Amino acid sequence: MPYSDHNFIKAGLKPSPSLQYNNLCRINENLLYVHGKEVCSFAVAGISPTGPVSVKKMEAQHADVIYSVASCIHNDHTYMILATNKGIQIWDENVCHLLHTWAHPSDAVASSSSTSIFARGICTTITSEGTGHICFGSSSGSLYGIPILEDNKFGPTFEIKQHKAPITCLSSSYQSRRGNWAADVGCEVVSCDEDGMAVFWQASVGAGGYRVLHTIASKGVPCVSAAVRNDFAILARLDGAIQIYGIRDGKLRADIGGHSRFLSSMDLHPEKDIVVTSSEDATVNVWTLPIGGNRAENLLSVAWLNAPITGVTFCGPNNNDIAVVAYDTEEIYYYKYQ
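Conventions we followed
Residues numbered from 1 in each chain as written. Predicted model: local features only at pLDDT ≥ 70, side-chain atom pairs only at ≥ 80, totals over all residues. Heavy atoms only, no water. Pairing = 2+ DSSP bridges. Helix = DSSP H or I, 4+ residues; strand = E, 2+ residues; numbered from the N terminus. Axes fitted to C-alpha atoms, helices over the stretch in contact; angles between N-to-C directions. Salt bridge = Lys/Arg side-chain N within 4 Å of Asp/Glu carboxyl O. Buried < 20%, exposed > 50% of the residue type's maximum accessible area, 1.4 Å probe, protein only. Polar contact = N/O pair within 3.5 Å; in protein donor to acceptor, adjacent residues only side chain to side chain. Contact = heavy atoms within 4.5 Å.

K.L.:
Would you mind going over the sheet that holds strand S11 (residues 132-138) with me for this structure?
P.N.:
Strands pair in a sheet through their backbones, by hydrogen bonds, and they do so in one of two ways: parallel or antiparallel. Within the open sheet, the four strands sit side by side as S10-S11-S12-S13. Their pairing is antiparallel. The open sheet has two free edges, formed respectively by strand S10 (119-126) and strand S13 (158-160), since each of these has just one partner strand. With direction set aside, neighbouring strand axes in the sheet form an average angle of 25°. Of the pairings in the sheet, the one linking S11 to strand S12 (residues 143-147) comprises five bridges and is antiparallel in character. Following the sheet pairing, Gly 137 is matched in S12 by Leu 143.

See below:
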């Protein structure tokens, strides 16, 4: 087996991540997570059993709550993107320069006296014409896209309407490959909302813009994370299920009972057809995806006792190692590929 519950490193990590799902991601050779109003970053190479990792902190500008943090790559540029209660912030890869911001429309702010507004869910995608877009969701159910121009410039934001409930997560084939070109990279985007509905899109800047390929009806169980691989959408639902749908036909191809309690995060390997998931049952699982003739197989199942796990991600050499963080637990677990 490529992973073992005995082959891991435990290191100190302060401060601990906030209690929100998918609260860990990789940007270049660093890892990012959210603590309150701060984005915390540390080097993967600094994870050692001999002492705590060195964490750098950056406070979000003009925001009270950070709902999502993501690393987005397009061509030669890497961005750190925050989705907050105020809108979107796009930073450079070193998290030193704020490159672009987007604020909620004034009519949305004016009508939110009794409800909170926020942006949540982030991904990059390629359109059918080859243009790069940064996409994100909102509490209104609207999706938004920002064209990526040259020299760290961005085009005007546009709105995409289909959902009625607040967006929980977004992904694309391009995002799932972490901005690397592969044979399966296309213009497919997946969006999910709090009612459990998922929409599969084809991204375009031409006539009609983003076109709906299929809609998975509301199931009452939200998706907390999504990914795209080889024309399949991988949806991680709150009840612990990992579902695989055909993007072109909308048919359910597989339903894996991944966890016994609320699923809290999922990451798809950028090259291999395997996912790592975590749950409030304090477990971490690694699965091979039943696509391309493969069978679903569990490669790792470990428990971090009394730890509400909030984030998992592939990282390290060839993205084969796995980092795990938990709320109110000032440690990081790092599982080595063998």
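K.L.:
Any chance you could explain the pattern of salt bridges here in plain terms?
P.N.:
Where side chains of opposite charge bring their charged atoms close, a pairing between them can arise. Scanning all chains against the criterion turns up twelve salt bridges. A salt bridge links Arg 248 to Glu 188; the nearest nitrogen and oxygen atoms lie 2.5 Å apart. Of the two residues, Arg 248 sits in the loop between strand S20 (241-246) and strand S21 (252-257) while Glu 188 sits in strand S15 (residues 188-193), which places them 60 residues apart along the sequence. Residue Arg 248 is classed as partly exposed on the basis of its relative accessible area, which comes to 42%. The closest approach of N and O atoms between Arg 248 and Asp 231, which form a salt bridge, is 3.6 Å. Of this pair, Arg 248 sits in the loop between S20 and S21 while Asp 231 sits in the loop between strand S18 (223-229) and strand S19 (232-237), and the two are 17 residues apart along the sequence. Salt bridges sharing common partners tie together Arg 177, Asp 184, Arg 229 and Asp 273.

K.L.:
I keep staring at the side chain of Arg 26 and nothing clicks. Help me out?
P.N.:
Locating Arg 26 in the fold gives a position in strand S2 (residues 25-27). Arg 26 sits in the buried class, given a relative accessible area of 16%. One polar contact links Arg 26 to Glu 29, side chain to side chain, over a distance of 2.9 Å. At 2.3 Å, the side chain of Arg 26 and the side chain of Asn 319 are in polar contact. Contact partners of Arg 26, with chain neighbours within four places excluded, come to Leu 31, Ser 71, Arg 178, Thr 313, Phe 314, Cys 315, Gly 316 and Asn 319.

K.L.:
Quick question: what am I supposed to make of the pairing of strand S23 (residues 274-279) here?
P.N.:
Successive residues of a regular strand alternate their side chains across the two faces of the sheet. With respect to burial, S23 is a largely interior element, six of its six residues being buried. Side-chain alternation along S23 places Ile 274, Val 276 and Ser 278 on one buried face and Val 275, Thr 277 and Ser 279 on a second face that is also buried. With antiparallel pairing between neighbouring strands as the criterion, strand S22 (residues 263-268) and S23 make up a hairpin whose turn holds five residues. As defined by bridge partners, S23 adjoins strand S24 (residues 283-288) across five bridges and the pair is classed as antiparallel.

K.L.:
I tried to follow unusual backbone geometry on my own but got confused; where do I start?
P.N.:
With glycine set apart, most residues show a phi of negative sign, and most peptide bonds adopt trans. Cis geometry is found at the peptide bond from Lys 14 to Pro 15, where omega equals -5°. Tracing the sequence through the fold places Pro 15 in the loop between strand S1 (8-12) and S2. Non-glycine residue Val 95 carries a positive phi angle of around 55°. Relative to the assigned elements, Val 95 resides in the loop between strand S8 (87-92) and strand S9 (98-103). Given the relative accessible area of 15%, Val 95 is considered buried. Of note in the backbone geometry, Asn 318 takes a positive phi value of approximately 55° without being a glycine. Here Asn 318 lies in the loop between strand S26 (309-315) and strand S27 (321-326). We classify Asn 318 as exposed; its relative accessible area is 58%.

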